[in-house]
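Structural description and commentary
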Amino acid sequence: MSIPRVRLPVALGVVSLLWLCLGMAVSAVASANADSPRVLAIHAGTLLDVDQGRALRDQLIVIEGERIIAVGPVADTPVPEAAQVIDLSSATVLPGLLDGHVHLTSRHDQHGYRGLAVSTPRAALTGVASALHTLRAGFTTVRNVGAGGFADVALRDAINDGEVVGPRMLVSGPSIGITGGHCDNNLLPPEFRAFSDGVADGPWGVRQRVRENLKYGVDLIKFCATGGVLSAGTSIGAQQYTFEEMEAIVQEAQMLGLRVAVHAHGTEGIKTAIRAGANSIEHASLIDDEGIRLARERGTFLSMDIYVSDFILGSGEAMGILPESLEKERIVGTAQRENFQRALAAGVRMSFGSDAGVFPHGHNARQFARMVEWGMTPMQAIQTATVNTAELLGMQEDIGSITPGRYADIIAVAGDPLVDVNELTQVGFVMKGGQVYRRDLLVTAAAN
Ligand code: ARG
């Protein structure tokens, strides 16, 4: 099934001639009906059917405007008359990937005290660059979980308005957190009165914060239920917020139609957040058997970012990460991977969340190799980043698999990711909503 990369230009070279003729015919048709939606047909050499967990050979995907209208074997799926054909017959085609935990407005080289010098408008501009890297890496949808000053709302809107190129975005705005907790800013002495936007205490305080976040345009709520690695002066194991406060956040969010993502490393904070009704536990590093059982019972997704430790311990010091954070990562990194394996074996629902922004944007897919190393099959790992995360986001009718009716969010790689999942770090074709944003695989063909 694996297709050697060297064969690609030869295989596609023959077809490119065909395109040329076809392309001329198509442009004539297209100019004749400027108003009708563009029709495209992708010939997929291999298509990953993530719903059924299988690979299909020689499939045709027909796209009209921004949505998929038909999928079937090339042999018995007609190419519509006006369709422009995109030849990926030597490639593996799969749904655009989803990352449920990113920080597009953050940079991997601005950790610790360096971050204090970054204004909200500057962070928003970082978001513009990160959005492009992320989309070109094959991630066509992301959930941004934590940004100051609603820079993430602005970025999402600019992408939706077509001013900025990037993935589909769901955004949380400022993460909600206790005074002095992981989602606060604890770097400066009291006379500077530094605190993060999302700080709120008490059941009514947190409810007000949820309301305010919605007022300024968020799609979901994120709160911090334990200390964290990268914050100053917080302990990973310490629960932050009482059950009463967590329940207030979740109830308020649900009442207003929002889902809740919860940062939690520590054992008790994880369980309290699941009991309070969290939709996903982010990190989930020190989850115990009871937490795993609770997550299974409640259908809570675990979003375990098991690549990021490599970056923090490998490059973190040079990027400004505090010594105390490096110390915490040494404790949490390996435990998280072992617990990922246990939770997987227990059948907990897993989504894909990488924490990109802590490490360079566009490197999100590096996590797949870790997921496979710690117990998933390549197909399972791919399912976390497609169907599972689509469900977590409540977008399963629109994205997550290549199915008629869904958005044409489609990517391709030259090799076979079911043999080597690391192929996903080399995405060579990206389409979002029927628009092509990366076509390296095709350019190779045109050059021959
Ligand atoms: N943003 C997270 C925190 O500061 C990063 C945790 C990274 N470590 C890990 N093993 N997942 O807590």
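Relevant structure appears above.
Predicted, not measured: the structure shown is a model, and the values here were computed from it. In this convention, every chain numbers its residues from 1, walking through the sequence in written order. A pLDDT threshold of at least 70 governs which residues receive local features in this predicted model, and a stricter bar of 80 or more applies before side-chain atom pairs are shown or counted, although totals over entire chains, interfaces and linings include all residues. With hydrogens and water stripped out, all remaining heavy atoms of the structure feed into the side-chain values.

1. Some points on helix H10 (residues 366–373)
Each α-helix turn comprises 3.6 residues. Residues three or four places apart therefore point the same way. Basically, it comes down to this: Burial classes follow relative accessibility: with a 1.4 Å probe on protein chains only, a residue under 20% of its type's maximum area counts as buried, one over 50% as exposed, and anything between as partly exposed. Secondary structure follows DSSP: runs of H or I at least 4 residues long count as helices, runs of E at least 2 residues long count as strands, and numbering of each begins at the N terminus. As used here, the arc belongs to the directions running from the helix axis to the C-beta atoms. Contact criterion: two residues are considered in contact whenever any of their non-hydrogen atoms come within 4.5 Å of each other.
When we look at burial in H10, the residues that qualify are Gln367, Phe368 and Met371. For H10, the arc enclosing every buried residue in end-on projection is 105°, short of the 170-degree limit, so these residues lie on one face. Close packing links the buried residues of H10 with strand S5 (97–102), strand S6 (139–144), helix H9 (323–345) and helix H11 (378–392).

2. Topic: the pairing of strand S1 (residues 39–49)
Put simply, the rule is: Here the rule is simple: two strands pair whenever DSSP picks up at least two bridges between them.
The buried fraction of S1 amounts to eleven of the eleven residues, a majority that puts the element mostly inside the structure. Note: S1 against strand S2 (residues 54–64), ten bridges, orientation antiparallel. Looking across to S2, one finds that Thr46 is bridged to Arg57. Linkage of S1 to S2, two consecutive antiparallel strands, is achieved through a turn of four residues, within which Gly53 is found at a positive phi near 70°. With seven bridges joining them, S1 and strand S4 (residues 84–95) adopt parallel strand pairing. Paired with Ala44 across the bridge in S4 is Leu88.

3. Concerning the site of the ligand
Keep this limit in mind: The rule for a residue being near a molecule or strand is that one of its heavy atoms must lie within 4 Å of it. Think of a polar contact as two N or O atoms within 3.5 Å of one another; within protein, one of them needs to be a possible hydrogen donor and the other a possible acceptor, and neighboring residues in sequence only count if both atoms come from side chains. What sets the accessible areas is the Shrake-Rupley method with a 1.4 Å probe; for residues, cover comes only from the shown protein chains. Under the convention adopted here, Pro, Cys and the residues Ala, Val, Leu, Ile, Met, Phe, Trp and Tyr are nonpolar, Asp, Glu, Lys and Arg are charged, and Gly plus all remaining residues are polar.
The full set close to the ligand counts 15 residues, and Val229, Leu230, His265, Glu329 and Gln336 are the nearest of them. Here a nitrogen atom of the ligand sits 2.9 Å away from a polar atom, N or O, in the side chain of Asp305. Protein burial of the ligand: of its 340 Å² of free accessible surface, 96% is covered by the chains. At the level of secondary structure, the elements contributing two or more residues to the shell around the ligand comprise helix H8 (308–315) and H9. For the shell around the ligand, the element with the most residues is H9, which contributes four residues. Looking at side-chain class alone, the shell around the ligand contains five nonpolar, seven polar and three charged residues.

4. Considering the sheet that holds strand S9 (residues 259–264)
Inclusion rule: Whenever a helix is involved, its axis is fitted only over the stretch in contact; in every case the axis is a line through C-alpha atoms, and angles between N-to-C directions fall within 0 to 180 degrees.
Judged by pairing direction, the sheet is parallel, and its four strands sit side by side in the order S8-S9-S10-S11 without closing on themselves. Pairing within the sheet leaves two strands with one partner each, and these edge strands are strand S8 (220–224) and strand S11 (301–303). For this sheet, the mean angle separating the axes of adjacent strands, direction not counted, is 25°. Direction of pairing for S9 relative to strand S10 (residues 280–283): parallel, over a ladder of four bridges. Following the sheet pairing, His263 is matched in S10 by Glu282. Packing against the sheet, helix H5 (residues 243–255) makes contact with S8 and S9, and its axis sits at approximately 175° to S8.

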